[in-house]
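Residue-level structural notes
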Amino acid sequence: MLQLQAIHHVAILTSSNLYAESKRFYTEVLGFTVLAEHFREERNSYKLDLALNGKYQVELFSFPDHRERASFPEAKGLRHLAFAVTDVEEGYAWLTKKSVKVEEIRVDEHTGKRFLFFYDPNGQPLELYEL
């Protein structure tokens, strides 16, 4: 049997013209720290390695020839990325203060936990889910 240990990282693509804004969003709004940043000249793109609470979590790639998602948000593949928080209302207040597009707080009908969806500069759906 395959012995998976953990999720190593999640890769997120951004358009080249939104790379700086996306980098700022993930570091200044969400609080990720930069582990490494590389410009890949042969691809005319960046690869940014980001960590959350000291753990390797997100690779942010810029591409000059990106493609939009086929349909939103029900395209095949990654639907959204969820982050655990202790207080969804506090997260809602922080994100709105930072002018991030945020949906209303909802309650998971199966767990009773509160959650909300918000969006990065590229429109990637993200979620805060209360512990």
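See the structure printed just above.
Since the model is a prediction, treat every value here as computed from it, not as a measurement.

Let's shift gears to the packing of aromatic side chains. The full count for this structure, using the stated rule, is nine aromatic pairs. Here a set of aromatic residues connected by ring pairs shows up, and it is made of Phe25, Tyr26, Phe32, Phe83 and Phe118. Positioned above the aromatic ring of Tyr119 is the side chain of Lys101, whose terminal nitrogen or guanidinium carbon lies 4.8 Å from the ring centre.

So, on to the sheet that holds strand E6 (residues 106-107). Read across the open sheet, the four strands follow the order E5-E8-E7-E6; overall the sheet is mixed. One side of each edge strand has no neighbouring strand; the edge strands of this open sheet are strand E5 (81-85) and E6. Two elements, E5 and strand E8 (residues 125-130), share five bridges in a ladder whose sense is parallel. Residue pairing for E8: Ala82 is matched across the bridge by Glu127.

The strands that make up a sheet are held in pairs by hydrogen bonds between backbone atoms, and each pair lies either parallel or antiparallel. The four strands are arranged E1-E4-E3-E2 in an open sheet whose pairing can be described as mixed. A strand with exactly one partner marks an edge of an open sheet, and here the two such strands are strand E1 (10-15) and strand E2 (33-40). When the angles between neighbouring strand axes are averaged without regard to direction, this sheet yields 20°. Where strand E3 (residues 45-52) lies against strand E4 (residues 55-63), six bridges are found, and the strand directions are antiparallel. By the bridge assignment for E4, Leu52 is matched with Lys55.

In this structure, Phe25, Tyr26, Leu30, Phe83, Leu95, Phe118 and Leu126 are the most contacted members of the largest nonpolar core, which totals 23 residues. Of all the secondary-structure elements, those providing two or more residues to this core are E1, helix H1 (19-29), E3, E4, E5, helix H2 (88-97), strand E7 (114-119) and E8. When residues of this core are assigned to their parent elements, the largest contribution, four residues, is made by H1.

For the rest of this paragraph, the subject is the pattern of salt bridges. Under the definition given, this model contains seven salt bridges. With a shortest N-O distance of 3.5 Å, Glu59 and Lys47 are connected by a salt bridge. One end of the pair, Glu59, is in strand E4; the other, Lys47, is in strand E3, and twelve residues separate them in sequence. The pair formed by Glu59 and Lys47 is uniform in burial state, with each residue classed as buried. Asp87 is the partner of Arg114 in a salt bridge, and the nearest nitrogen-oxygen pair spans 3.9 Å. Remark: Asp87 occurs in the loop between E5 and H2 and Arg114 occurs in strand E7; sequence separation between them is 27 residues. Judged by relative accessible area, Arg114 falls into the partly exposed class, the value being 22%. Judged by its relative accessible area of 29%, Asp87 is partly exposed. The structure contains a network of salt bridges with shared partners spanning Asp87, Glu89, Arg114 and Glu130.

The rules we used
Residues numbered from 1 in each chain as written. Predicted model: local features only at pLDDT ≥ 70, side-chain atom pairs only at ≥ 80, totals over all residues. Heavy atoms only, no water. Phe/Tyr/Trp six-rings, centres within 6.5 Å; stacked < 30°, edge-to-face > 60°. Lys NZ or Arg CZ within 6 Å of the ring centre and 35° of its normal. Pairing = 2+ DSSP bridges. Helix = DSSP H or I, 4+ residues; strand = E, 2+ residues; numbered from the N terminus. Axes fitted to C-alpha atoms, helices over the stretch in contact; angles between N-to-C directions. Core = buried A, V, L, I, M, F, W, Y, C linked by side-chain atoms within 4.5 Å. Buried < 20%, exposed > 50% of the residue type's maximum accessible area, 1.4 Å probe, protein only. Salt bridge = Lys/Arg side-chain N within 4 Å of Asp/Glu carboxyl O.

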